[in-house]
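Observations on the model geometry
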Amino acid sequence: MISDDLLNILRCPVAVHYTDKGDDPGQLRLVHNCWLICDDSGYKYPIIDDIPVMLIEVGEKYSKVAEADLPVPPPDDI
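What counts and how
Numbering of residues starts from 1 in each chain and follows the order in which that chain's sequence is written. Thresholds applied to this predicted model are a pLDDT of at least 70 for local features of residues and 80 or more for the giving and counting of side-chain atom pairs; totals over whole chains, interfaces and linings are not thresholded and use all residues. In computing side-chain properties, one takes all heavy atoms of the structure into account and sets aside hydrogens as well as water. A residue counts toward a patch only above 30% relative accessible area and without a salt bridge, and it is joined to like-charged neighbours within 9 Å or, for Val, Leu, Ile, Met, Phe, Trp and Tyr, to nonpolar neighbours within 5 Å. Values of accessible area rely on a 1.4 Å probe in the Shrake-Rupley scheme; residue burial ignores everything except the protein chains shown. Any Lys or Arg side-chain nitrogen found within 4 Å of a carboxyl oxygen on Asp or Glu counts as a salt bridge. In this tally, Asp and Glu contribute negative charge and Lys and Arg positive charge; neither His nor the terminal groups of the chain are included. Every charge is mapped to an atom, namely NZ of Lys, CZ of Arg, CG of Asp or CD of Glu. Secondary structure is summarised from DSSP: a helix means a run of H or I of at least four residues, a strand means a run of E of at least two, and numbering begins at the N terminus for each. Think of it in three bands: with a 1.4 Å probe and only protein chains considered, a residue is buried below 20% of the maximum accessible area for its type, exposed above 50%, and partly exposed in between. Strands pair, by our definition, only if DSSP identifies at least two bridges between them. Pairing of aromatic rings covers Phe, Tyr and Trp, the last through its six-membered ring, and needs centres within 6.5 Å; plane angles under 30 degrees mean stacked, over 60 mean edge-to-face, and all others mean tilted.

1. So, a negative patch on the surface
- A cluster of acidic side chains, namely D49, D50, D76 and D77, defines a negative patch on the protein surface.
- Relative to the elements of secondary structure, D77 occurs in the segment after helix 3 (56-61).
- In this structure D77 comes out as exposed when scored by relative accessible area, which is 63%.

2. With respect to the pairing of strand 1 (residues 28-31)
- Inspection of the sheet shows strand 1 paired to strand 2 (residues 35-38) by 4 bridges, in the antiparallel sense. Note that in strand 2 the partner of V31 across the bridge is W35.
- As consecutive antiparallel partners, strand 1 and strand 2 are separated by 3 residues, and within that stretch H32 has a phi angle of approximately 60°, a positive value.

3. Thoughts on the sheet that holds strand 2
- Taken together, 4 strands build an open sheet; the order of strands is 1-2-3-4 and the sheet is antiparallel. In this open sheet, the two strands that pair with only one neighbour each are strand 1 and strand 4 (51-52).
- Note: strand 2 against strand 3 (residues 44-48), 3 bridges, orientation antiparallel. Paired with I37 across the two strands is K44, which belongs to strand 3.

4. Some remarks on the packing of aromatic side chains
- If you walk through the whole model with that rule in mind, you get 2 aromatic pairs.
- When the ring of W35 is compared with that of Y62, the centres are 4.8 Å apart and the planes differ by 65°; the resulting orientation is edge-to-face. Residue W35 is found in strand 2, and its partner Y62 is found in the segment after helix 3; the two are separated by 27 residues along the sequence.
- Classification of W35 by relative accessible area gives buried; the value is 0%.
- For Y62, a relative accessible area of 8% gives the class buried.

Here it is as structure tokens:
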């Protein structure tokens, strides 16, 4: 499980660097207790073994997957 403190400071690298979404772009929300979703970019990042995998290519891989269709738990062979 990811702590609220960590969730409050983590940001989507795509939204922070490549979008203009206001004062605090890239905020993430926790979904299914194992995914971080950025509504600004649409990227979805898995949490594997309590570690957020915040790689752009991983977030992009799941960006077109509907929130309800994200695998729980995420695959660990990313």
